[in-house]
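Results of the structural survey
Each chain, letter by letter, is given below.
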Amino acid sequence: MHDDIPLTLGRVKRVLEERIRPAIHPVSLPMSVTWNELPGEPIAPAEAMGLEYTDYSVGTIWGAAWGTTWFRLRGTIPADWAGKRVEVLVDLGFDKNMPGFQCEGLVYGADGITVKSINPRNQWIPAADTAEGGEAIDYFIEAAANPVLLDYHPFLPTTEGDIQTSSSRKLYTTRRMDLAVFEPEVHELSLDLEVLLELQAELPEGPRRMRILQAMDNALDVLDLQRITETAPAARAELVEVLSKRADESAHRISAVGHAHIDSAWLWPVRETIRKVSRTSSSMVELLGVDEDFLYGMSSAQQYAWMKENRPEVYARVKEAVASGRFLPLGGMWVESDTVMPSGESLVRQFYYGQKFFREEFGVTCAGVWLPDSFGYSPALPQLMRRAGFEWFFTQKISWNQQNKFPHHTFNWEGIDGSRVFSHFPSMDTYNSQLSGEEVARASRQFRESRHATGSIAPVGWGDGGGGTTREMTGKARRLADLEGSAKVKWEHPDEFFKRAKTELENPPVWVGELYLELHRATLTSQHQTKQGNRRTEHLLVEAELWAATAAVYTGFEYPHEEIDELWQQVLLHQFHDILPGTSIAWVHREVVVQYARVTAAAEAIIAAAQALLVGEGTTPITLNAAPFTRSGLRTGSAAAVAELAPATDKVTATESPDGIVLSNALVTITISAEGLVTSALDHATGREAIADGAEANLLQLHQDFPNMWDAWDVDKYYRNQVTDLRELDSLTLSTDEDGTARVLIERSFSASAVRQELTLAPGSKVLHIEQTTDWHETEKFLKVAFPLDIRAEHAIAETQFGYHKRVTHVNTSWEAAKFETSMHRFVLAEEPGFGAALINDSIYGFDVTRDSTEAGVMTNMRLSLLRAPRFPDPETDQGIQTHRYGLVIGADIAAATEAGALLNSDARTITGANGFDPLVTVEGEGIVLSNVKLAGDKSGDLVVRVYESLGRRAKGTVNVHRPVEGAAAISLLEDPLEGEGGIAELTDGAVALALTAFEVRTLRFKFKA
């Protein structure tokens, strides 16, 4: 036979696009439209419906950026439409390629009850399932004029990302607001042809493909293009046979779950996300009502809480759907957070508050963590998931790797402590599936565990900006449930998928260590004030809990449960994976800075109130220590009069010459050149020099930084090819404090920016502290500070949550070469047998390490990443005054680095009072660190104490509570009892003995005697 395949394909595509799809709504008539454009922020629907509305003509431009316009649509169903399904069709000026990234609307009935949303891929509103002639239709639409920021030419700088700088130009022009007849058979025919057209494109040459092509030809042969409604059933009859052929027994199984992945902020502010959540949820509840097989899943307790507060009517429908098992709370987290930068305590609270909300509101405890889009995953996460009671982990983002393809789709992920969590990446490589033929075929073709396992997950729906699943997607799912040549698609709860996958993979492959994303590496640095606010507030809240708990037990202070909960939830929201990474619009980060200031003030007020009760009224200077290490003889959670603290027996000598400045105490000697660079850092105990011979440390380096894509997200490795060393010096000044601390003030200017550094060395300290203030006015530049160390380090040892992570310093393979920018928390250490040096910081997360060859051998160059200046999505990223605190720990090991980093991040406080006090809780045991002291969240008055092993080895010790207690138990991170031996904590004289494995996190609950 002749090759007629191209002819058939061309025929089907044209008829489908130009005749069949338009005939789904064959007749329509314009509605009567009135409108009211709001001048400012959105208002409550009840208020909006009571406004005065004026006449509006379709085709009139509307909507300045971030504005809200209310439309009222009224019409009457014609008598000759009786018995038909009637819908309202609304096109606000949509671009169908940008669902979630432009204008959208929420539809209300005249009674104020929400109906569903409209967006570029979901433009219909139900009017009447079986129309009656003369029936009146009356709808309100709350239309949001969100500007398109990620356009066809993406990453262009724009001021439209903040309502304070956006233009007043109107953005959208409506195209239709019509009543229309909906023809279900034509709709079904369009889906029949679409599924078959996409399926045949993925099939090899052979009988199945040929018969599909012939069936489509046959269908179009009986379809009268001038009488599509009448002839659609006959055309569908020609397709029954090919659509009824069943899939192979061994066909890949796709567990589909409706999904929208609504970013809690990104190219829109939090204010708009609150509305996006309600818009999407209303549509998904509506779709659940018309497709009995459909299941929809949504993560992020924060988003449910927004809905409960702002759209209670939508929330009531959601609660009903959750109760019926159709609307699925997923993930058990407060938001889909970044997992690389938040502290260990923050990740605990993500789980704690997320699961608490789902339990209290729905009676649901999530079995797995749902994180499709975060930018890499901490190796501490498996233990925390397991200790929070989670059984599985789901993500997708690692498929975005630039260089190396991840080798597994279903596997066990092992963390730093040895904990393993059963994990899955969808082989479809998307969390916004439309169930296209190409996606379904790819899921089957790429699945790495096909030898043993049968399926993968597909999150189905328009996402990022919301929108969710459409009736076209559910229609495709029905046809793909059991169709020859395709994977089998079934709506299924992820829990069911993971249960089945566990039985199929009795010995799953294992991935050990971090899940590093070979992309978006600059998210460790962009928007420094956001990152600084995160670090400082998460430490402040832990401190507030410590002092509030201590004061509650010692003085009867009323522990502020609700206030602390609210402050934690605010900080957790900002850890969302497009906020903390610095990849949101200017509006988002502007509001974040304001909220961090609010959280800081509130936490400081709690701390001040608790401390005032603890020290009593008086005029004696009292110092209090909240850091998890002893400071000046003062233990964690205790206070003493300043006069009682052990005075420093050491002193710093400082000498100045034309060659520079030399600082020396009993432990180290620091040499600073006339250019203000550190040329020597000598450790007296070992006689070792920390700075590489002939090199200079604390060297600021400026790079050109213009990645190929994703400006705020990415730094590409070629950035290193252009570097400017900032050596020019404006001033160099030496001073000495009364306590003997030496200070060197360095000022530099470069380009349009200026830097002021203060280097300090205190008596008895091995840390050269650096406080830096930068007046930053660069564009597309990357600022780093280099410390070339005379250390042959096989690994860079970087702190992560509740421990540390080792990364090799060589680039033998493409996997290591891809890690040219990596993460840390409070320290990174370079170490060889017998000697090491660490860099500590109070608000820095990114760094890089290179092995450089010298005449003396291999040296290790560690550089902290300080500031960037991308122009998308915020063209003013990091402009203005920025501050950093960091330091060089000379002669450091892991214990010294851990201690120095913790002390830098938790300053001592000195207030006036009558007396000091002993700590409520003390911890004994080498390497065991006190992480948190708080009162139990159930308001029982019980004490919760969390500790972890910090050195990466087994440890024994005790936790001591210095008030009478009558019981103790080990509990989960959710503060749940643990079953069996895991919950046993033997109490002896107020102490619990500990035997911890490497990096183990242990949470204990103590009940006080009445």
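Everything that follows concerns the structure shown earlier in this document.
A brief structural summary. (Residues numbered from 1 in each chain as written. Predicted model: local features only at pLDDT ≥ 70, side-chain atom pairs only at ≥ 80, totals over all residues. Heavy atoms only, no water.)

Each helix and strand counted, the protein chain has 19 helices and 53 strands in total. Its C-alpha radius of gyration of 31 Å places the protein chain within 12% of the 30 Å reference for a compact globule of 1010 residues. Structurally, the protein chain occupies a C-alpha span of about 100 × 70 × 60 Å along its principal axes. Expressed as a percentage of the 1010 residues in the protein chain, the buried residues total 63%. By element, 49% of the accessible surface of the protein chain is carried by carbon and sulfur atoms, the whole surface being about 37200 Å². (Helix = DSSP H or I, 4+ residues; strand = E, 2+ residues; numbered from the N terminus. Rg over C-alpha atoms; globule rule 2.2 N^0.38 Å. Buried < 20%, exposed > 50% of the residue type's maximum accessible area, 1.4 Å probe, protein only. Areas by Shrake-Rupley, 256 points an atom, 1.4 Å probe, with all protein chains shown as cover.)

What follows covers the sheet that holds strand E40 (residues 827–832). The strand order E32-E33-E34-E35-E44-E41-E40-E37-E38 describes an open sheet built from 9 strands, whose pairing is antiparallel. Both edges of this open sheet fall to strand E32 (731–736) and strand E38 (803–808), since each of them pairs with a single strand only. Between one strand and the next, the sheet's axes are offset by a mean angle of 20°, whatever the strand orientation. In this sheet, strand E44 (residues 880–890) lies alongside strand E41 (residues 835–841) in antiparallel orientation, the contact comprising 5 bridges. Paired with Ala-838 across the bridge in E44 is Val-889. Lying over the sheet, helix H15 (residues 528–555) contacts E41 and E44, oriented at roughly 55° with respect to E44. Its contacts with the sheet put helix H19 (residues 894–904) on strand E35 (767–776), strand E37 (795–800), E38, E40, E41 and E44, and the angle it makes with E41 is roughly 20°. (Pairing = 2+ DSSP bridges. Axes fitted to C-alpha atoms, helices over the stretch in contact; angles between N-to-C directions. Contact = heavy atoms within 4.5 Å.)

The end-to-end C-alpha separation of helix H9 (residues 312–323) is 16 Å, in line with the 16 Å expected for 12 residues at 1.5 Å each. Among all positions in H9, only Val-314, Tyr-315, Val-318, Ala-321 and Val-322 are buried. Seen end-on, H9 carries its buried residues on one side only, within an arc spanning 120°. Exposed and facing more than 90 degrees away from the buried side of H9 are Glu-320 and Ala-323. In the core, the buried residues of H9 are packed alongside strand E8 (114–118), helix H7 (270–290), helix H8 (301–310), strand E15 (327–330) and helix H10 (344–362). Looking one or two residues past H9, Gly-325 carries a phi angle of roughly 80°, positive in sign. (Expected span 1.5 Å × (residues − 1). Arc of directions from axis to C-beta.)

On to empty space enclosed by the protein. Enumeration according to the criterion identifies 7 cavities of 30 Å³ or more in this entry. Reported here for the largest cavity is a volume of approximately 250 Å³. Around the largest cavity, the lining is made up of 27 residues, and of these Val-340, Glu-514, Tyr-516, Leu-524 and Ser-823 lie nearest the centre. Counting residues per element, the ones that place at least two in the lining of the largest cavity are E37, E38 and strand E39 (822–823). It is E37 that provides the largest number of residues to the lining of the largest cavity, a total of 3 residues. In the lining of the largest cavity, the residues fall into 12 nonpolar, 9 polar and 6 charged. Space inside the second largest cavity adds up to approximately 90 Å³. The wall of the second largest cavity is formed by Arg-349, Tyr-352, Tyr-353, Glu-545, Tyr-559, His-561, Ile-564, Asp-565, Lys-934, Leu-935, Ala-936 and Gly-937. Breaking the lining of the second largest cavity down by element, the ones donating at least two residues are H10, helix H16 (561–574) and strand E47 (928–935). Residues of the lining of the second largest cavity, tallied by class, amount to 6 nonpolar, 2 polar and 4 charged. (1 Å grid on protein atoms, 1.4 Å probe; cavity = no way out; pocket = protein on both sides within 12 Å on 5 of 7 lines; lining within 4 Å. Points joined across faces, edges and corners; volume = space filled by probe spheres on them. Nonpolar A, V, L, I, M, F, W, Y, C, P; charged D, E, K, R; others polar.)

This part is about the pairing of strand E42 (residues 846–854). Of the pairings in the sheet, the one linking E39 to E42 comprises 2 bridges and is antiparallel in character. When the bridges of E42 are listed, Ser-823 appears paired with Gly-846. One ladder, built from 8 bridges, connects E42 with strand E43 (residues 857–868); its direction is antiparallel. The partner of Thr-854 across the bridge, within E43, is Gly-857. What sits between the antiparallel neighbours E42 and E43 is a turn of 2 residues.

Under the criterion given, the structure shown has 77 salt bridges. Of the charged contacts in the structure, one is a salt bridge between Glu-361 and Lys-308, with a shortest N-O distance of 2.7 Å. In this pair, Glu-361 is assigned in helix H10 and Lys-308 in helix H8, connecting sequence segments 53 residues apart. On the basis of relative accessible area, Glu-361 is assigned to the buried category, the value being 16%. Each member of the salt-bridge network shares a partner with another, and the members are Glu-41, Glu-104, Glu-142, Arg-271, Glu-272, Arg-275, Lys-276, Arg-279 and Arg-311. (Salt bridge = Lys/Arg side-chain N within 4 Å of Asp/Glu carboxyl O.)

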